[in-house]
Amino acid sequence: MAVTETVAIIGSGLIGRAWGMIFARAGWQVRLWDPGEGVAAKAVGLCAEGLKDLATHGLCDDPAGAASRIAACATLEEAAAQADFIQENGPETLEVKRDLFARLDAAAPAKAIIASSSSAIRASLFTEDLAGRARCLIGHPVNPPHLIPLVELSGADWTSLETMARARAIYDAIGQVPITVLKEIEGFILNRLQGALLAEAFKLASEGYVTPQDLDRTVADGLGLRWSFLGPFATIEMNAPGGIQDYCDRYTGFYKRLAAEPAPPEVYSAEAVSAIMAQWAVAPDLPAKMRWRDRRLAALRAHKASAEKEG
């Protein structure tokens, strides 16, 4: 397909800036807007710095050229006016989403797809009354999107098949990894999987079965090593001689007992959180820790890209 040229990034915080870098790196013209005074203008420079960081890991071939394609706009309407694609990154609040999408639907060209980075709110809850609702969908990224490429595509019943197909092709063309949520569901796919793991993690740590530090090691140095290149179905296929069916025949007795007594909502109670925080050393400089995370993710992303080329 022919790559479209201009994207409007609505909301220029961490997620918006990441999207700006992703699209600019792929050759798009990027127009940033944010309701905060001076936020979009500042984001232009921050994106340029981020593109330089990506280049050090081989994740951006021309950081200066990419940065030159990013500009700030004074109004939402200005950003959307010439857009072929729009990525909305406003607060995770239904009222805000409704307002932003109403404004975007009125301002954007008819050809433009309008996607939301919503983490859990279904598209049907804020697009139903729009004249252009068929071109609206969720394009939920994973933080930080410029280093973790997955994008969950979730449409409402009225989102057109053409919109879903075009959006998937665009995300794929800019170097992301799109997956399609076949039916609307709160939290989509990734956050529901993460939520199941988090609930069990809070239960095990708050009830004294394991320290939160050792639980993190269990994932980082156990499950996470496999999950960095395999999903759960591919994992269990190779964990039994006869594949998935054999694995289920052997081991689902335990999993059925576990599923019958899932971690309850109380695992997130103030008491449970306090039990975990009593053992957790709070990072003295969280932004520095986030930068460390991003460097590790960039190295892993570069390694995966190299391994995939080698086959």
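You'll find the structure just up there.
In this text, all values refer to a predicted model and were calculated from it rather than measured experimentally.

Trainee: I keep staring at the packing of helix α8 (residues 190–206) against helix α12 (residues 270–277) and nothing clicks. Help me out?
Mentor: Relative placement of two packed helices is described by the angle separating their axes and the distance separating the axes. Viewed as axis vectors pointing N to C, α8 and α12 meet at an angle of 70 degrees, and their least axial separation amounts to 9 Å. Taken together, the axes of α8 and α12 lie roughly perpendicular to each other. The interaxial crossing formed by α8 with α12 has left-handed handedness. Here Phe 202, Ala 205 and Ser 206 of α8 lie close against α12, whose contacting residues are Ala 272, Val 273, Ala 275 and Ile 276. Split by residue class, the contact of α8 with α12 holds 6 nonpolar, 1 polar and no charged.

Trainee: Would you explain the packing of aromatic side chains in this entry?
Mentor: Given two aromatic rings, their pairing is described by the distance between the two centres and the angle made by the two planes. Per the stated rule, a full pass over the model turns up 10 aromatic pairs. Where Phe 85 meets Tyr 171, the ring centres are 5.4 Å apart and the plane angle is 85 degrees; that geometry is what we call edge-to-face. Taken together, the residues Phe 85 in strand β4 (residues 85–88) and Tyr 171 in helix α7 (residues 161–173) connect sequence positions 86 residues apart. Residue classification places Tyr 171 among the buried residues on the basis of a relative accessible area of 0%. Through pairs of rings, three or more aromatic residues link up here, namely Trp 19, Phe 23, Trp 28, Phe 85 and Tyr 171.

Trainee: Is there a simple way to think about the pairing of strand β1 (residues 6–10) in this case?
Mentor: On any regular strand, side chains alternate: one points to one face of the sheet, the next to the other face. Counting buried positions along β1 gives 5 out of 5 residues, so the element sits mostly inside the fold. Residues Thr 6, Ala 8 and Ile 10 line one face of β1 and the alternating positions Val 7 and Ile 9 line the opposite face, and both faces are buried. Both β1 and strand β2 (residues 29–33) contribute to a ladder of 5 bridges, which runs parallel. Pairing of Thr 6 across the sheet is with Gln 29, part of β2. Each parallel crossover has a hand, and for β1 linked through helix α1 (residues 14–25) to β2 it is right-handed. Bridge analysis of β1 against β4 gives 4 bridges, and the strand direction is parallel. Within β4, the residue paired with Ile 10 across the bridge is Glu 88.

Trainee: I'm lost on helix α11 (residues 243–260) in this one. Help?
Mentor: Every α-helical turn comprises 3.6 residues, leaving residues that sit three or four positions apart pointing alike. In a regular helix each residue adds 1.5 Å, so 18 residues correspond to 26 Å; α11 covers 25 Å between its end C-alpha atoms and thus fits that length. Taken as a whole, α11 carries its principal kink of about 65 degrees at Tyr 251. Turning to α11, its buried residues are Gly 243, Asp 246 and Tyr 247. Buried residues along α11 sit against α10 (232–237).

Trainee: Teacher, can you tell me more about the pattern of salt bridges here?
Mentor: Close approach of charged atoms allows side chains of opposite charge to pair. Per the counting criterion, the structure on display carries 8 salt bridges. When the shortest N-O distance is used, the salt bridge between Asp 246 and Arg 250 registers 3.0 Å. Of this pair, Asp 246 and Arg 250 both sit in helix α11, separated by 4 residues, roughly a single helical turn. On the basis of relative accessibility, which here comes to 47%, the residue Arg 250 falls in the partly exposed class.

Trainee: Just checking my understanding: could you explain the layout of surface pockets for this structure?
Mentor: Space inside the second largest pocket adds up to approximately 680 Å³. In terms of lining residues, the second largest pocket is bounded by 24 residues, among which Leu 14, Asp 53, His 146, Arg 291 and Asp 294 are the most central. Elements represented by at least two residues in the lining of the second largest pocket include exactly α1, α2 (39–56) and α13 (286–310). Classifying every residue of the lining of the second largest pocket gives 12 nonpolar, 5 polar and 7 charged.

Trainee: How should the nonpolar core be read in this particular structure?
Mentor: As a rule of thumb, soluble globular proteins bury nonpolar side chains together. Counting residues in hydrophobic clusters, the biggest one holds 34 residues, and the most contacted among them are Trp 19, Phe 23, Val 30, Leu 51, Phe 85 and Tyr 171. Excluding residues within four positions of it along the chain, Leu 51 makes contact with Met 21, Arg 25, Cys 60, Pro 63, Ala 66, Ala 67 and Ile 70.

Trainee: It is not clear to me how the packing of α1 against α2 should be interpreted in this structure. Could you clarify?
Mentor: Put simply, α1 and α2 touch, their axes get as near as 9 Å, and they point 60 degrees apart. Relative to α2, the element α1 lies oblique. Seen along the crossing, α1 lies across α2 with a hand that is right-handed. Residues Arg 17, Met 21 and Arg 25 of α1 touch α2, and the partners they reach there are Ala 43, Leu 46, Cys 47, Gly 50, Leu 51 and Leu 54. Residues of the contact of α1 with α2, tallied by class, amount to 6 nonpolar, 1 polar and 2 charged.

Trainee: Is there a simple way to think about the environment of Ala 270 in this case?
Mentor: Along the chain, the position of Ala 270 falls in helix α12. A C-alpha to C-alpha distance of 45 Å links Ala 270 and Ala 66, two positions 204 residues apart in sequence.

Trainee: What exactly am I supposed to notice about the environment of Gly 13 here?
Mentor: By the element assignment, Gly 13 lies in the loop between β1 and α1. Along the primary structure Gly 13 and Lys 42 are separated by 29 residues, whereas in three dimensions their C-alpha atoms are 10.0 Å apart.

About the criteria used
Residues numbered from 1 in each chain as written. Predicted model: local features only at pLDDT ≥ 70, side-chain atom pairs only at ≥ 80, totals over all residues. Heavy atoms only, no water. Axes fitted to C-alpha atoms, helices over the stretch in contact; angles between N-to-C directions. Helix = DSSP H or I, 4+ residues; strand = E, 2+ residues; numbered from the N terminus. Parallel < 35°, antiparallel > 145°, perpendicular 65-115°, else oblique. Left-handed = near helix turned anticlockwise from the far one by under 90°. Contact = heavy atoms within 4.5 Å. Nonpolar A, V, L, I, M, F, W, Y, C, P; charged D, E, K, R; others polar. Phe/Tyr/Trp six-rings, centres within 6.5 Å; stacked < 30°, edge-to-face > 60°. Buried < 20%, exposed > 50% of the residue type's maximum accessible area, 1.4 Å probe, protein only. Pairing = 2+ DSSP bridges. Right-handed = clockwise from strand over helix to strand, strands pointing away. Expected span 1.5 Å × (residues − 1). Bend = angle between axes of the 7 residues up to and from the residue. Salt bridge = Lys/Arg side-chain N within 4 Å of Asp/Glu carboxyl O. 1 Å grid on protein atoms, 1.4 Å probe; cavity = no way out; pocket = protein on both sides within 12 Å on 5 of 7 lines; lining within 4 Å. Points joined across faces, edges and corners; volume = space filled by probe spheres on them. Core = buried A, V, L, I, M, F, W, Y, C linked by side-chain atoms within 4.5 Å.

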